[in-house]
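Listed below, chain by chain, are the residues.
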Amino acid sequence: MKILTLGAAGFIGSHLTHRLLQEGHAITAVDLYVDKVSEYLDDANLTFLQQDIRSPEWDLDKMVRDADLVIDLIAYANPGLYLRIPLEVFRLNFTENLKIAEACVRHGKRLIQFSTCEVYGRSAASIKTAHVTDPEDPIHATFSEDSSEYILGPVCKHRWIYSSAKQLLERVLHAYGIEKGFNYTIIRPFNFIGPKIDFLPQDNKDGIPRVFSFFMDALFNGTQMQLVNGGVNRRCYTYIDDAVECTKRIVDNPGGVCDRQIFNIGSPYNEISIRQMAEIMREIYAEKFRDPAVRLPEIVSISGEEFYGEGYDDSDRRIPDITKARTRLGWEPEWDVRETIEETMRYHVADYRKNRPVATAVNG
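Here the residue numbers are simple positions, counted from 1 along each chain's written sequence. In keeping with the predicted nature of the model, local features appear solely for residues at pLDDT of at least 70, side-chain atom pairs appear and are counted solely at 80 or more, and the whole-chain, interface and lining totals rest on all residues. Based on all heavy atoms of the structure, the side-chain values leave hydrogens and waters out of the count.

Asker: I keep staring at the overall build of the chain and nothing clicks. Help me out?
Answerer: Helix and strand definitions follow DSSP, with helices as H or I runs of at least four residues and strands as E runs of at least two, each counted in order from the N terminus. Broken down by element type, the chain carries eleven helices and 15 strands. By principal-axis analysis of the C-alpha atoms, the chain measures approximately 60 × 55 × 40 Å. When contacts within the chain are restricted to residue pairs at least 6 apart in sequence, those whose partners lie at least 24 apart make up 78%. Lys and Arg are tallied as positive, Asp and Glu as negative. Neither His nor the chain termini are counted. Working definition for charges: the position is that of NZ of Lys, CZ of Arg, CG of Asp or CD of Glu. In the chain, which carries 43 positive and 54 negative side-chain charges, the distance between the mean positions of the two groups comes to 2 Å. Throughout, a contact is declared for two residues whenever any of their heavy atoms are within 4.5 Å.

Here you go:
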């Protein structure tokens, strides 16, 4: 197929681009940055356009018209930005993505739209007025694509503008499917990690990166591993190779089983708290990767407002129900949580040491 991939050089996009090239597809890849796909630029099946989709000069309509399939990964997926530039987060994640979807509607092209597990919001057990007999029962935090309710915070917690923009886009795609017969597939990622997930904080081009990069930075430099609000919130971490394998099957769409469907992609058995993640990372680093000249970091708690700013909020747990991916695609995640974290760390340790001198004295 001729595939137009927008946001192709981000974390997920770069891995997906590589896999689709291996499958023999002709890829037109669009992104602001080139770093994460630079090793593939010589591939004869890859055309890379370094382009801001918000620019009025670029011809989105022609790009979509010439493609067999459009994959849209463009987003601000960065909690620090949700608080710092919420309007721009809404404009990019909804308004600009809607333009892509409407071009696909005009030209009758199938769209694979990456959304987020954050559309689900909080678990029922996190709501004080909810009648929950056992708050620890995973059933209260297991989310299904077509039946789960959404529970978001109040407007003053504008961290939810990201979730709301993504959710609204999903609803518009669904409406186009009903009224226009539009063919789409929506993917809701559950905490993918792996090589190239983020730049380190000092190198990051898009503001505050995700938690893994902060913890790696602390391990490299012996500074504090800071847990927002104690690190009690839990996540199900999914290795990027598992995620890309499921996405590849959605691209293939055997027998049209993905038409007008939403898929959770995640590893339901890989749930750990943010505190547990910090502890596992520090343990793996001490055992496998430690530079003896740098002390192991202290794990400390910090408030969400202090770390991110006013308007911060978060979901407590989110566990994917992957029944649909299992039954329609025959997909099952293979990587357990410790393997996932260790392999992700291995890449970032090698990358860091390749580009920076090793410390020569113990810090403080």
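Let us keep going from here.
Asker: Explain the pairing of strand 2 (residues 26-31) here, please?
Answerer: One face of the sheet, then the other: side chains in a regular strand alternate in exactly this way. A pair of strands counts as paired when DSSP detects no fewer than two bridges linking them. As defined by bridge partners, strand 1 (residues 2-6) adjoins strand 2 across five bridges and the pair is classed as parallel. Counted as the bridge partner of L6 is V30 from strand 2. Crossover strand 1 to strand 2 through helix 1 (residues 11-22) is right-handed. As defined by bridge partners, strand 2 adjoins strand 3 (residues 46-50) across five bridges and the pair is classed as parallel. Handedness of a crossover is defined as follows: with both strands directed away from the viewer, a clockwise route from the first strand across the helix to the second makes it right-handed.

Asker: Where do I start with helix 7 (residues 240-252) in this structure?
Answerer: Owing to its 3.6 residues per turn, the α-helix brings residues three or four apart onto one side. Under the convention used throughout, the expected extent of a helix is 1.5 Å for every residue step, that is, one less than its residue count. An ideal rise of 1.5 Å per residue puts 18 Å on 13 residues; helix 7 measures up with 18 Å between its terminal C-alpha atoms. Every buried residue belonging to helix 7 is among I240, D242, A243, V244, C246, T247, K248, I250 and V251, and all of these are buried. Phi turns positive, to about 50 degrees, at N253, one or two residues after helix 7. Burial classes follow relative accessibility: with a 1.4 Å probe on protein chains only, a residue under 20% of its type's maximum area counts as buried, one over 50% as exposed, and anything between as partly exposed.

Asker: Looking at this structure, how should I read unusual backbone geometry?
Answerer: Leaving glycine out, the prevailing phi sign among residues is negative, and the prevailing peptide bond configuration is trans. Notably, N229 is not glycine yet its phi reads approximately 50 degrees, a positive angle. Inspection of the secondary structure puts N229 in the loop between strand 9 (225-228) and strand 10 (234-236). With relative accessibility at 41%, the residue N229 sits in the partly exposed group. The phi torsion at N253 lies on the positive side, around 50 degrees, for a residue other than glycine. Tracing the backbone through its elements, the reader meets N253 in the loop between helix 7 and strand 12 (261-265).

Asker: Any chance you could explain the pattern of salt bridges here in plain terms?
Answerer: A side chain of one charge can pair with a side chain of the opposite charge when the charged atoms of the two come close. For salt bridges, the criterion is a side-chain nitrogen of Lys or Arg within 4 Å of an Asp or Glu carboxyl oxygen. With the rule as written, the count across this model stands at 25 salt bridges. The closest approach of N and O atoms between E23 and R19, which form a salt bridge, is 3.1 Å. For R19, a relative accessible area of 19% translates into the label buried. Measuring nitrogen to oxygen at the nearest pair gives 2.8 Å for the salt bridge that ties E245 to R19. With E245 in helix 7 and R19 in helix 1, this pair connects stretches of sequence that are 226 residues apart. Taken together, the shared-partner salt bridges connect E118, R159, R235, D314 and R318 into one network.

Asker: How should the sheet that holds strand 1 be read in this particular structure?
Answerer: In a beta sheet, neighbouring strands are held together by backbone hydrogen bonds and run either parallel or antiparallel to one another. Sheet architecture is open: seven strands sit in the order 3-2-1-4-5-7-12, paired in parallel fashion. Because the sheet does not close on itself, it has two edges, and the strands there are strand 3 and strand 12. With direction set aside, neighbouring strand axes in the sheet form an average angle of 15 degrees. To define axes, lines are fitted to C-alpha atoms, for helices over the stretch in contact only, and angles between the resulting N-to-C directions are given on a 0 to 180 degree scale. Those strands touched by helix 5 (residues 161-180) are strand 5 (110-114), strand 7 (184-189) and strand 12, and its axis lies near 160 degrees from that of strand 7.

Asker: Teacher, can you tell me more about the nonpolar core here?
Answerer: Within the largest apolar cluster, 61 residues are counted, with the highest numbers of intra-cluster contacts made by I71, I250, M281, I341 and M345. Of all the elements, helix 8 (residues 274-289) adds the most residues to this core, at eight residues. Discounting chain neighbours no more than four positions away, the residues touching I71 are I3, L4, T5, L6, L16, L20, I112, F114 and V251. By size, the runner-up hydrophobic cluster in this structure holds 34 residues, among which are L60, A67, A103 and L173. We call a set of buried residues a nonpolar core when its members are Ala, Val, Leu, Ile, Met, Phe, Trp, Tyr or Cys and they connect through side-chain atoms within 4.5 Å of each other.

Asker: Help me understand helix 11 (residues 337-355) in this model?
Answerer: Its 19 residues place the ends of helix 11 28 Å apart at the C-alpha level, agreeing with the 27 Å of an ideal helix rising 1.5 Å per residue. Within helix 11, burial applies to V337, T340, I341, E342, T344, M345, H348, V349 and Y352.

Asker: What is the right way to read the state of the cysteines from this model?
Answerer: Cysteine pairs can be linked by a disulfide, which is a covalent bond between their two sulfur atoms. Throughout, disulfides are identified as pairs of cysteine sulfur atoms within 2.5 Å of each other. Per the counting criterion, the structure on display carries zero disulfides. Left without a disulfide partner, C104 is nearest to the cysteine sulfur of C258, which lies 16 Å away. Looking at the unpaired C258, the closest cysteine sulfur is the one in C246, lying at 8.1 Å. A residue is classified by how much of its surface remains accessible, and C258, at 0% relative accessible area, is buried.

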